[in-house]
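# Breakdown of the fold
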Amino acid sequence: MRKPLVAGNWKMNGNSASNTLLLDGILAQKNTFTSVDVAIFPSAVYLHQVQIALERSGLSWGTQNLSQFRQGAYTGEISAAMLKDFGCKYVLIGHSERRGLYAELNLDHFVLDHIVADKYEMALTEGVSPIICIGETPEEHATGQTEEVVARLLDILIKQNGVKALAQTVLAYEPVWAIGTGKSATPEWAQEVHSFMRERVAKHDRATAESLQILYGGSVKGDNAAPLFSMPDIDGGLVGGASLDADEFVKICQAACS
C-alpha cells in the first residue's frame with residue numbers, strides 16, 4: 001500500500017524568524033500525522049536552518065530546484081551532490097513557475113521536458129528522490145490537451161531512464177490553472193488525471209505503477225484536502241501557500257491520514 005506524502009513548497013517566502021515559528025508550529029503537532037510522510041522545501045538559503053530543525057524529527061526536506069549539470073561554471077545553480085551533502089531526501093523538478101522562467105528564454109515544451117528529464121537523471125545519480133511536476137496550462141486545459149501534456153513528459157522520463165527508475169520517484173500533477181488562483185481541480189477530475197498517469201506507467205511495468213506515489217498540487221488547503229486525498233490514485237499533496245501556515249499545513253497532513 002502506498003504511504004501518503006505531503007510536500008510543503010515555501011517558494012520564495014520566509015526569513016529566519018518566521019521559518020522558526022512555522023517549523024516549531026508544525027513540529028509541535030507532528031504526532032497527529034505520524035502515518036504520513038512530510039517534506040519541507042524552503043528557499044535554498046534557508047536549507048541549513050530547515051535541516052537543523054528537522055533532523056531526528058521524522059520529517060524530510062529538500063530544495064525547489066537543482067541543476068542538470070554535475071558541477072562547474074553554472075553561477076547560481078545547485079547540484080544534486082550539494083543536496084545530498086545537506087541531507088535532502090527530495091527535490092522538486094519541473095515546477096510550473098520554474099518552467100515559466102525558462103519559457104522566457106523562448107524554449108519550447110519539448111526542450112523544457114528534456115531539461116526536466118536531465119535534472120531527474122541527475123537527482124537519481126545522487127540518490128535524491130525527484131518530485132516531478134506535471135500539469136497543463138490554462139490554454140492547454142481549455143483545449144482538452146491535459147492527457148497529451150502529461151503523456152509527453154512521462155514518455156520522455158521513461159525513455160531516458162527506464163520505467164523502473166520511477167520507483168525512486170514521486171509524480172505531482174499540478175494543473176497550472178489551479179496554482180495560486182484559489183481554484184482547485186475537483187476530486188473527480190484530479191482522480192481521472194492521476195489514474196491516466198498511473199495507467200501510462202503500467203503499460204510499461206504494472207508493479208512500478210502500483211507503488212508510484214502521485215501527488216496533487218493546485219491550491220490544496222485544509223478544507224479541500226480530505227476529498228482530494230480520498231481518491232484511490234491521489235497519494236497526497238504538493239502544497240504551496242497553505243504550507244506557510246502551520247495550522248493549515250497540519251490540517252492537510254492530518255487529512256492524508258484518513
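This report concerns the structure included in the present document.

About the criteria used
Within any chain, residue numbers begin from 1 and follow the written order of that chain's sequence. In keeping with the predicted nature of the model, local features appear solely for residues at pLDDT of at least 70, side-chain atom pairs appear and are counted solely at 80 or more, and the whole-chain, interface and lining totals rest on all residues. Hydrogens and water molecules were not included; the side-chain quantities draw on all heavy atoms of the structure. To get an axis, a line is fitted to the C-alpha atoms, and for a helix only the part in contact is used. The angle between two axes follows their N-to-C directions and goes from 0 to 180 degrees. A run of H or I in DSSP becomes a helix once it reaches four residues, and a run of E becomes a strand once it reaches two; helices and strands are each numbered from the N terminus. Roughly parallel means an angle under 35 degrees; roughly antiparallel means over 145; roughly perpendicular covers 65 to 115; every other angle is labelled oblique. Here a crossing is called left-handed whenever its near helix is offset anticlockwise from the far helix by less than a right angle, and right-handed whenever the offset is clockwise. By definition, residues are in contact when any of their heavy atoms lie within 4.5 Å. Think of it as three bins: nonpolar holds Ala, Val, Leu, Ile, Met, Phe, Trp, Tyr, Cys and Pro, charged holds Asp, Glu, Lys and Arg, and polar takes everything else, Gly as well. Within this document, salt bridges are pairs made up of a side-chain nitrogen of Lys or Arg and a carboxyl oxygen of Asp or Glu, the two lying within 4 Å of each other. Burial status follows relative accessibility: with a 1.4 Å probe on protein chains alone, a residue under 20% of its type maximum counts as buried, one over 50% as exposed, and anything between as partly exposed. The directions from the helix axis to the C-beta atoms form the arc being described. Side-chain rings of Phe, Tyr and Trp (the six-membered ring for Trp) are treated as a pair once their centres are within 6.5 Å; stacked means planes under 30 degrees apart, edge-to-face means over 60, and tilted covers the remaining angles.

### Things to note about the packing of helix α5 (residues 109-125) against helix α7 (residues 146-161)
- It is at 9 Å that the axes of α5 and α7 come closest, and there the two elements cross at 45°. Considered as vectors, α5 and α7 are oriented oblique to each other. Handedness of the α5/α7 crossing: right-handed. Taking contact as the criterion, the partners of H109, D113, H114, V116, A117, D118, Y120, E121 and L124 in α5 are, on α7, R152, L153, I156, L157, Q160 and N161.
- Counted by class, the contact of α5 with α7 contains 7 nonpolar, 4 polar and 4 charged residues.

### Some points on the pattern of salt bridges
- This structure, assessed with the given rule, holds 10 salt bridges.
- The partner of R2 in a salt bridge is D235, and the shortest N-O contact between them spans 2.9 Å. In this pair, R2 is assigned in the segment before β1 (5-9) and D235 in the loop between α10 (225-229) and β8 (236-239), connecting sequence segments 233 residues apart. Each member of the pair, R2 as well as D235, is classed as buried.
- E199 serves as the salt-bridge partner of R206, at 3.2 Å between the closest nitrogen and oxygen.
- R206 sits in the partly exposed class, given a relative accessible area of 45%.
- Take E199: its relative accessible area is 37%, and that puts it in the partly exposed class.

### A word on helix α2 (residues 47-54)
- For α2, the complete set of buried residues consists of L47, V50, Q51 and L54. Take α2 and look down its axis: the buried residues cluster within an arc of 105°, on one side only.
- Looking at the buried positions of α2, the neighbouring elements they touch are α1 (16-27), β2 (37-41) and β3 (60-63).
- Trailing α2 by a residue or two, R56 shows a phi angle of about 65°, which is positive.

### Some remarks on the packing of aromatic side chains
- Counted by the stated rule, this structure contains 2 aromatic pairs.
- With centroids separated by 4.2 Å and ring planes inclined at 5°, the aromatic side chains of F69 and Y74 adopt a geometry described as stacked.
- The partly exposed category is assigned to F69, whose relative accessible area is 35%.
- The exposure class of Y74 is partly exposed, given its relative accessible area of 36%.
- Ring geometry for Y173 versus Y216: centroids 6.3 Å apart, planes at 55°, classification tilted. A residue pair is termed long-range when its members are at least 10 positions apart, and Y173 in strand β6 (residues 170-173) and Y216 in strand β7 (residues 213-216) qualify at 43 residues. We note that Y173, like Y216, is buried.

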